[in-house]
Amino acid sequence: MSKFKVVHYINQFFGQIGSEDMADFPAEKRQGPVGPGIAFQQAFGDKAEITATIISGDSWFNENLETAKALVLEMVREEKPDLFVAGPAFNAGRYGVACGTIADAVQTELGIPAVTGMYEENPGADMFREKVYTIATGDNAAGMRKVVPLMAKLGLKLMTGEAIGASIEDGYLPNGIRKNFFDKERGAARAVNMLMKKLADKPFVTEYPMPSFDRVEPQPAIKDITKAQIAIVTSGGIVPKGNPDRIESSSATKYGAYNIEGVDDLTAETYETAHGGYDPVYANEDADRVVPVDVLRQYEKDGKIGKLHNWFYSTVGNGTSVANSKRFAVDIAEKLVSQGVDAVILTST
Amino acid sequence: MVKEIERAGIPVVHMCTVTPISLTVGANRIVPTVAIPYPLGKPDLSPEEEYKLRSELIDKALKALMTEVTDQTIFE
């Protein structure tokens, strides 16, 4: 039997092209495996071969979603593969969105099965887990050795037509499709075991998680913006020069509140970004590109808005856990409410 | 973060470049921006032109805050 053909998609970082300074790198196709592709090739053994690797920059893909998708799709089409593998992207948001977008398109538009891998909090996972088999990974690339064999195994099943097991068996993020299987232990025993763990305050995993529909109803519009006090909040990591609160460049555990009374403009001498997930050159040059104090201060003077709030709030949204982000925002919101802020402009990079 | 602030009773406009992520995290008022490393800027423009671009984006954001919405809305 001839070998199956696989095309692999990775970002500029795993493609060994560069880090954030190369995030604008447009898609490029190389022959054979590159970077993590070599581990995939080993996992496939003699059953399948990575014939080509497509590498693109995370920012390039996300800023040009439609053209990027079309271009990469064409590169995949030319190879006529039996399987498309994207990532794994771990907790890298832009990379995860790119992997999901292209894997979904390869399946629907080319009819070729796809597999990817992500951490469950990756925004790409929420967007695509029901469309593309997404192997659950840890939140950073240290988990590569564990995830590659799982992705390769599921990929081989997709190519050979072998039945896919339940998510818990094959290691993918639950995709809304229920599979029946015979467990080793009967239900009563599993329930008692779970209860024992719960009583002993030990961690346990439910077999039937409740769905969480966490949507917040839109607040009413601002009636008169010329009287409104507006605050700026950002996940783009803008901080006073020197980063006094030592906000981490990724996986932030804190946020900062910075007073801007009397500040008309954020300059390269006074502000910078602490964010490690995008090329910092432009924000360091002029932080108004992320936290638009200059325009809003002028609008305040011109009477177009009531007031620019005296503080802006900033954290680094780079691999930062949902739990931490939530905690920061609850805290920030309480302060904003107590200070009579009427509306928030929240900027993200 | 958008959700928790809005939940506390303050309308939020989310200005970001990757709008599908904003929709996934549950923002209700969304204004698409220029690029990931410079959402409200464009380094190849002159400072005056760049300021003008930024103020146009802020105008959109203010308009979004003044608009009643019942569902997630992208203000192009």
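Rules and cut-offs
- Residues numbered from 1 in each chain as written.
- Chains lettered and ligands numbered in written order.
- Predicted model: local features only at pLDDT ≥ 70, side-chain atom pairs only at ≥ 80, totals over all residues.
- Heavy atoms only, no water.
- Helix = DSSP H or I, 4+ residues; strand = E, 2+ residues; numbered from the N terminus.
- Buried < 20%, exposed > 50% of the residue type's maximum accessible area, 1.4 Å probe, protein only.
- Contact = heavy atoms within 4.5 Å.
- Areas by Shrake-Rupley, 256 points an atom, 1.4 Å probe, with all protein chains shown as cover.
- Lys, Arg positive; Asp, Glu negative; His and termini not counted.
- Charge placed at Lys NZ, Arg CZ, Asp CG, Glu CD.
- 1 Å grid on protein atoms, 1.4 Å probe; cavity = no way out; pocket = protein on both sides within 12 Å on 5 of 7 lines; lining within 4 Å.
- Points joined across faces, edges and corners; volume = space filled by probe spheres on them.
- Nonpolar A, V, L, I, M, F, W, Y, C, P; charged D, E, K, R; others polar.
- Polar contact = N/O pair within 3.5 Å; in protein donor to acceptor, adjacent residues only side chain to side chain.
- Buried area = accessible area lost by both parts, 1.4 Å probe.
- Salt bridge = Lys/Arg side-chain N within 4 Å of Asp/Glu carboxyl O.
- Core = buried A, V, L, I, M, F, W, Y, C linked by side-chain atoms within 4.5 Å.
- Domains from an automatic or database assignment.

Trainee: Could you clarify how one ought to interpret the overall build of chain B in this entry?
Mentor: Scanning chain B from terminus to terminus reveals three helices and three strands. Judged by the C-alpha coordinates and their principal axes, chain B covers about 40 × 25 × 20 Å. A burial count over chain B gives 58% of its 76 residues as buried. The long-range fraction of contacts in chain B, counting pairs at least 24 apart against all pairs at least 6 apart in sequence, stands at 41%. Of the roughly 3000 Å² of accessible surface on chain B, a fraction of 55% belongs to carbon and sulfur atoms. Averaging the positions of the 8 positive and the 11 negative side-chain charges in chain B gives two centres separated by 3 Å.

Trainee: Please explain empty space enclosed by the protein as it appears in this structure.
Mentor: Think of a ball as big as a water molecule: rolled over the atoms, this probe shows where empty space is left. Residue and element names in this part refer to chain A. Counted under the stated rule, the structure contains one cavity of 30 Å³ or more. Here the largest cavity defines a volume of roughly 40 Å³. Residue assignment for the lining of the largest cavity shows that the elements contributing at least two residues are helix 6 (144–160) and helix 7 (167–170). Among the elements that make up the lining of the largest cavity, the one with the highest residue count is helix 6 (four residues). Its residues assigned to classes, the lining of the largest cavity shows two nonpolar, no polar and four charged.

Trainee: What is the right way to look at the side chain of Thr-137 of chain A in this model?
Mentor: All names here are of chain A. As for its position among the elements, Thr-137 is in the loop between strand 6 (133–136) and helix 6. A polar side-chain atom of Thr-137 sits 3.0 Å from the main-chain amide nitrogen of Tyr-119. Ignoring sequence-local partners within four residues, the contact set of Thr-137 consists of Pro-88, Phe-90, Gly-117, Met-118, Tyr-119 and Val-147.

Trainee: Is there a simple way to think about unusual backbone geometry in this case?
Mentor: When glycine is set aside, most residues are seen to have a negative phi, and most peptide bonds are trans. Residues and elements named next belong to chain A. For the bond running from Gly-87 to Pro-88, omega is 10°, close enough to zero to count as cis. Here Pro-88 is to be found in the loop between strand 4 (83–86) and helix 4 (93–110). For Gln-16, which is not a glycine, the phi torsion comes out positive at approximately 60°. Locating Gln-16 in the fold gives a position in the loop between strand 1 (4–11) and strand 2 (28–31). Relative accessible area serves as the criterion here: at 63%, Gln-16 is assigned to the exposed category. Although it is not a glycine, Asp-201 sits at a positive phi angle of roughly 60°. Turning to its location among the elements, Asp-201 is positioned in the loop between helix 8 (187–199) and strand 7 (229–234).

Trainee: Honestly, the interface of chain B and chain A in this entry has me stumped. Any pointers?
Mentor: Facing 50 residues of chain B, the contacting portion of chain A comprises 56 residues. Buried area between chain B and chain A, summed over both chains or domains, comes out near 4600 Å², and the portion from carbon and sulfur atoms is 68%. Taken together, chain B and chain A are joined by seven salt bridges. Our count for the chain B to chain A interface comes out at 20 residue pairs in polar contact (both at pLDDT 80 or more).

Trainee: Would you mind showing me how to read the nonpolar core here?
Mentor: Across soluble globular proteins, nonpolar side chains show a tendency to be buried alongside one another. Ranked by internal contacts, the top residues of the largest apolar core, which has 68 residues, are Val-233, Ile-238, Leu-336, Val-344 and Ile-345 of chain A together with Ile-5 of chain B. Top contributing element to this core by residue count: helix 3 (residues 47–65) of chain B, with six residues. Taken together, domain 1 (4–170) and domain 2 (225–347) of chain A each give at least three residues to this core, which thus spans both. Apart from the residues lying within four places of it in its own chain, the contact partners of Val-344 of chain A are Ala-231, Val-233 and Leu-336 of chain A together with Ile-5, Ile-10, Pro-11, Val-12, Val-13 and Leu-65 of chain B. Ile-54, Trp-60, Val-85 and Ala-89 of chain A belong to the second largest nonpolar core, which has 56 residues in total.

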